[in-house]
Amino acid sequence: MDREGTLECFNRLNLCMAVTLYLSNDTSARAAGADCLAAAWADIPDIRVVRTSSRGAFFLEPLVERDGPHGRLLWPRAEPDDLSRIRNEAGGISLPEVPFLAQQQRAVFARFGTAQPLSLEEYRANGGWRGWERAANLPSEAIIAELKTSGLRGRGGAAFPVWHKWDIARRTSADQKYVVANADEGDAGTYCDRMIMEGEPFRLIEGMLICAKAVGADHGYVYCRWEYPAAAATMQAAIAEIERAGLLTIDERPFRLEVFRGAGSYVCGEETALLSSLEGGRGMVKVRPPYPAVAGLHGKPTVVSNVLTFGTVVEIMCRGADWHAALGTAGSKGLIVLQLGGRIRQPGLVEIPFGATLAEVLERFGGGMADGSRFKAVQVGGPLGSLFPESQLHIPLCFDTFNEAGAVLGHGGIVVFDDQTDMVELARHYMTFTADESCGKCTPCRIGSVRARELLERIEGGSGTGADLDLLADLGDTMKATSLCAHGGRAPYPVLTAIEHFGDEFRRRLPSNGRRES
Amino acid sequence: MATSETALLDRVLEPHRPRPGEQANILRTLLAVQQALGHVPPNAIGPVADALKVPEAHVAGVLSYYPDLHTASRGRQIVRVCLGEACIANRSMHLLADLQRVLGIGLGETTKDGQTTLERVYCLGNCGVGPTVMVDETIYGRASVSDVEKLLKPNGS
């Protein structure tokens with residue numbers, strides 16, 4: 001055998017013997033070092049690195065996996081030098097040994113961490129596209145009826161019954177209708193939409209097709225926030241792939257789908273502001289009615305639904321409405337996708353049925369506090385969500401219980417603060433954020449958020465008075481009652497719950513002459 | 001604007017001119033201008049308005065609304081510290097204060113040599129591995145001041 005032949009033989013042998021390693025390509029996996037591992041092992045002949053979606057167990061990232069005799073083996077928090085251990089299958093743990101993952105009941109995120117995000121072949125081989133295949137052969141009324149039976153409520157934060165919103169758009173006759181995916185996941189502490197777009201982009205397309213069929217739309221947009229460059233790029237690539245495969249059609253007519261990038265405005269997550277932005281204007285909130293389902297983009301009937309909502313619709317069409325309706329509680333059907341963050345040991349994505357208490361979630365999945373930290377408060381539902389102290393962790397995670405408590409589940413963000421957190425500084429941050437991001441349409445939010453920020457700056461700086469705290473409470477009530485959208489209407493909640501539960505910290509900042517007698 | 005910039009602007013605006021029956025999209029156009037020029041200089045407002053056949057006030061209104069449309073040139077390197085709540089819980093406010101001290105600038109400012117601009121961002125969805133810092137287009141998790149210092153490019157590069 002000549003030299004070239006030997007080399008080729010050697011290479012072929014190597015390829016047969018090559019070890020395939022799976023490494024997530026998710027933004028957070030890369031931010032934790034996945035790209036460094038991929039680069040370090042790129043030129044090793046018998047190592048093949050496949051980039052996948054993420055399991056969402058971010059405390060384990062960068063996480064390396066390989067196929068073992070009984071399923072995947074995992075090497076959490078891997079470093080380049082770990083390669084010899086991984087090659088020898090030494091020290092890998094199996095999935096059941098990770099309680100964070102084993103105790104979840106995943107549906108939308110069931111396949112996350114296994115497949116390549118942009119492989120349509122893998123998506124379909126793993127059970128994807130079946131929801132659309134079923135919906136494509138159903139009359140639109142039947143799709144709406146299925147959603148009604150399922151009890152699905154919108155996952156973006158407003159929790160409006162999905163079937164109802166879609167049915168309004170279906171019943172409104174027009175020469176043009178639109179489907180818009182709200183991918184402006186602005187609530188700090190949330191990332192499930194980003195994970196879907198980066199990890200299973202075909203799922204979002206599939207959900208949007210089901211919606212377009214149900215309401216009679218032939219044009220769709222994914223409104224993706226500026227802060228998600230990888231998600232936008234992945235969605236664009238996935239749309240191109242679906243088009244290449246000839247699958248972007250409804251009843252043999254083309255469905256036009258585009259990605260539109262935002263430019264850093266939080267309020268654009270509100271549906272009317274989102275549509276103003278999509279039209280190219282300022283992201284201003286509009287008075288409803290008319291609702292977008294009647295008169296939305298360019299005045300035409302438009303369904304604006306959240307990315308996770310579309311992702312869940314796919315599961316419902318695939319598994320049937322009864323599957324969904326049997327999960328969760330009476331008023332909160334299905335699974336809740338929680339995104340844990342802050343000072344806990346195990347930050348990451350958790351998909352479980354509605355109804356578990358906050359305490360259970362923090363303990364079973366959060367894994368307790370980060371080293372050296374003690375619990376102080378937890379915020380649920382993003383920057384407009386309420387703060388809960390330790391004494392209130394028995395509250396079950398359902399729409400109704402949160403509503404009764406004057407709180408919101410929002411988009412499922414859970415952020416834990418430790419005893420080092422300065423609640424006055426945090427409260428001032430909330431109002432700085434609200435003022436920065438107010439669209440300015442209504443006075444309570446535009447002026448109220450600035451005045452509230454000023455009051456909190458004064459208290460933080462040590463020159464506030466007891467009357468300032470009273471004024472803050474009064475201003476908060478005005479904003480809650482009179483703001484046009486949830487931005488101004490919900491913004492007082494984190495501030496007022498901080499004062500309610502940690503009032504001493506605020507009062508300690510007042511100069512002695514400003515302290516109240518009580 | 002320099003002649004070369006004017007020519008570039010013309011090329012950028014071409015595909016955004018509304019065809020008959022089509023509505024202009026100001027935001028999408030301004031993002032394209034920023035992509036090409038690095039920012040949207042105020043004297044581009046006129047040409048953009050002309051190309052899109054909309055009043056200058058509408059273009060100026062959109063330009064002033066969005067936090068990520070910039071009217072002035074910024075540093076050659078942009079460092080953004082996440083001030084989302086999950087990152088704040090993991091001390092990103094301290095990280096921001098430390099970076100202000102290291103760079104000798106305030107939030108939203110650029111170092112005197114025009115090298116680095118320091119900004120804040122409200123959540124990059126990287127909450128599972130915070131605190132998060134974005135340097136130009138790359139997102140870094142579990143970031144410390146020394147990590148970020150290593151990423152700062154020396155002047156002139």
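In this text, all values refer to a predicted model and were calculated from it rather than measured experimentally. (Residues numbered from 1 in each chain as written. Chains lettered and ligands numbered in written order. Predicted model: local features only at pLDDT ≥ 70, side-chain atom pairs only at ≥ 80, totals over all residues.)

Novice: Would you take a moment to explain the overall build of chain A for this structure?
Specialist: Of regular secondary structure, chain A possesses 22 helices and 16 strands. The globule rule puts the C-alpha radius of gyration for 518 residues at 24 Å, and the 25 Å found for chain A is close to it. With the principal axes as the frame, chain A shows a C-alpha extent of 95 × 60 × 40 Å. A burial count over chain A gives 53% of its 518 residues as buried. (Helix = DSSP H or I, 4+ residues; strand = E, 2+ residues; numbered from the N terminus. Rg over C-alpha atoms; globule rule 2.2 N^0.38 Å. Buried ≥ 20, exposed ≤ 12 C-beta atoms within 10 Å, placed from the backbone.)

Novice: Help me out: how do you make sense of the interface of chain B and chain A in this one?
Specialist: By a widespread convention, an interface's size corresponds to the accessible area lost as its parts come together. Facing 37 residues of chain B, the contacting portion of chain A comprises 42 residues. Elements with a contribution of two residues or more to the side of chain B that touches chain A: helix 2 (26-37), helix 4 (56-65), helix 5 (85-89) and strand 4 (138-140) of chain B. Among the residues making up the side of chain B that touches chain A, the classes are represented as 21 nonpolar, 11 polar and five charged. (Contact = placed C-beta atoms within 7 Å. Nonpolar A, V, L, I, M, F, W, Y, C, P; charged D, E, K, R; others polar.)

Novice: Sorry if this is basic, but what is going on with the pairing of strand 1 (residues 19-24) of chain A here?
Specialist: As a general feature of sheets, a regular strand has side chains that alternate between the two faces. Residue and element names in this part refer to chain A. Sheet topology places strand 1 next to strand 2 (residues 47-52); six bridges connect them, and they run parallel. Across the sheet, the residue bridging to L23 is R51, located in strand 2. Two strands pair when backbone bridges link them, and strand 1 and strand 3 (residues 64-68) are joined in this way by two bridges, in the antiparallel orientation. Within strand 3, the position partnered with Y22 by the bridge is E65. (Pairing = 2+ DSSP bridges.)

Novice: Where do I start with the confidence of the model for chain B in this structure?
Specialist: In low-pLDDT regions, the fine details of the predicted coordinates are not to be read closely. Within chain B, residue pLDDT values average 95, and 98% of them lie at 70 or more. Scored as a whole, the predicted complex attains pTM 0.96, and scored at its interfaces, ipTM 0.96. (pLDDT = per-residue confidence, 0-100.)

Novice: Before we go on, may I ask you to explain the sheet that holds strand 1 of chain A in this structure?
Specialist: Sheets are built from strands that pair by backbone hydrogen bonding, the pairs being arranged parallel or antiparallel. The strand order 2-1-3-4-5 (chain A) describes an open sheet built from five strands, whose pairing is mixed. This sheet does not close on itself; its edge strands, each paired only once, are strand 2 and strand 5 (93-94) of chain A.

Novice: Would you explain the environment of A:L456 in this entry?
Specialist: All names here are of chain A. Checked against the element boundaries, L456 lands in helix 19 (residues 443-460). A tally of 28 C-beta atoms within 10 Å means that L456 is categorised as buried. Through-space distance from the C-alpha of L456 to that of K177 is 45 Å; in sequence the pair is 279 residues apart. In this structure L456 touches A427, R428 and M431, once residues within four positions along its chain are discounted.

Novice: Mind showing me how you'd approach the domain arrangement of chain A here?
Specialist: All names here are of chain A. The domain boundaries assigned to chain A delineate domain 1 (3-102), domain 2 (120-325), domain 3 (335-418) and domain 4 (423-514). Spacing between the C-alpha centres of domain 3 and domain 4 amounts to 23 Å. Counting residues at the interface gives nine residues for domain 3, matched by 10 residues for domain 4. (Domains from an automatic or database assignment.)

Novice: Looking at this structure, how should I read the pairing of strand 11 (residues 302-306) of chain A?
Specialist: Residue and element names in this part refer to chain A. When you tally the buried positions in strand 11, you get five out of five residues, the bulk of the element. Where burial is concerned, the two faces of strand 11 agree: the one with T302, V304 and N306 and the one with V303 and S305 are both buried. Where strand 6 (residues 178-183) meets strand 11, five bridges bridge the pair, whose relative direction is parallel. Considered in strand 11, the bridge of A181 is made with S305.

Novice: I tried to follow the packing of helix 18 (residues 423-437) of chain A against helix 19 of chain A on my own but got confused; where do I start?
Specialist: The packing of two helices is summarised by the inter-axis angle and the distance between the axes. All names here are of chain A. Where helix 18 meets helix 19, the closest approach of the two axes is 8 Å, and the angle between their N-to-C directions is 155°. For the element pair helix 18 / helix 19, the angle class is roughly antiparallel. You can see that helix 18 and helix 19 cross each other, and the crossing is left-handed. Counting all contacts with helix 18, which are made through V424, E425, A427, R428, M431, T432, T434 and A435, the residues of helix 19 involved are S449, V450, A452, R453, L456, E457, I459 and E460. Considered class by class, the residues forming the contact of helix 18 with helix 19 number eight nonpolar, three polar and five charged. (Axes fitted to C-alpha atoms, helices over the stretch in contact; angles between N-to-C directions. Parallel < 35°, antiparallel > 145°, perpendicular 65-115°, else oblique. Left-handed = near helix turned anticlockwise from the far one by under 90°.)

Novice: Even after reading the chapter, I still don't get the packing of helix 1 (residues 3-13) of chain B against helix 2 of chain B, so can you show me in this structure?
Specialist: All names here are of chain B. Relative to each other, helix 1 and helix 2 sit at 140°, their axes nearing to 10 Å. Between helix 1 and helix 2, the crossing angle belongs to the class labelled oblique. Pair helix 1 / helix 2 crosses with right-handed handedness. Contacts between helix 1 and helix 2 involve E5, L8, L9, V12 and L13 on the former and, on the latter, T29, A32, V33, A36 and L37. Looking at side-chain class alone, the contact of helix 1 with helix 2 contains eight nonpolar, one polar and one charged residues.

Novice: Would you mind showing me how to read the sheet that holds strand 12 (residues 335-342) of chain A here?
Specialist: All names here are of chain A. Taken together, five strands build an open sheet; the order of strands is 13-12-16-14-15 and the sheet is mixed. Looking at strand neighbours, the two that pair on one side only are strand 13 (348-353) and strand 15 (387-388), the edges of this open sheet. In terms of strand pairing, strand 14 (residues 375-380) meets strand 15 through two bridges, oriented antiparallel. For V378, the partnering residue across the bridge sits in strand 15 and is F388.

Novice: Where do I start with unusual backbone geometry in this structure?
Specialist: Across residues other than glycine, the phi torsion is negative in most instances, and most of the peptide bonds are trans. Residues and elements named next belong to chain A. Cis geometry marks the peptide bond from R288 to P289, where omega comes out at -5°. Backbone torsion omega between P289 and P290 reads 5°, so that peptide bond is classified as cis. Mapped onto the secondary structure, P290 falls in the loop between helix 13 (271-278) and strand 11. A positive phi angle is found at W129, which is not glycine, with a value near 80°. Note on placement: W129 falls in the loop between helix 6 (120-125) and helix 7 (130-136). On the basis of neighbour counts, which here come to 22 C-beta atoms within 10 Å, the residue W129 falls in the buried class. The backbone phi angle of A159 is positive, close to 60°, even though this residue is not glycine.

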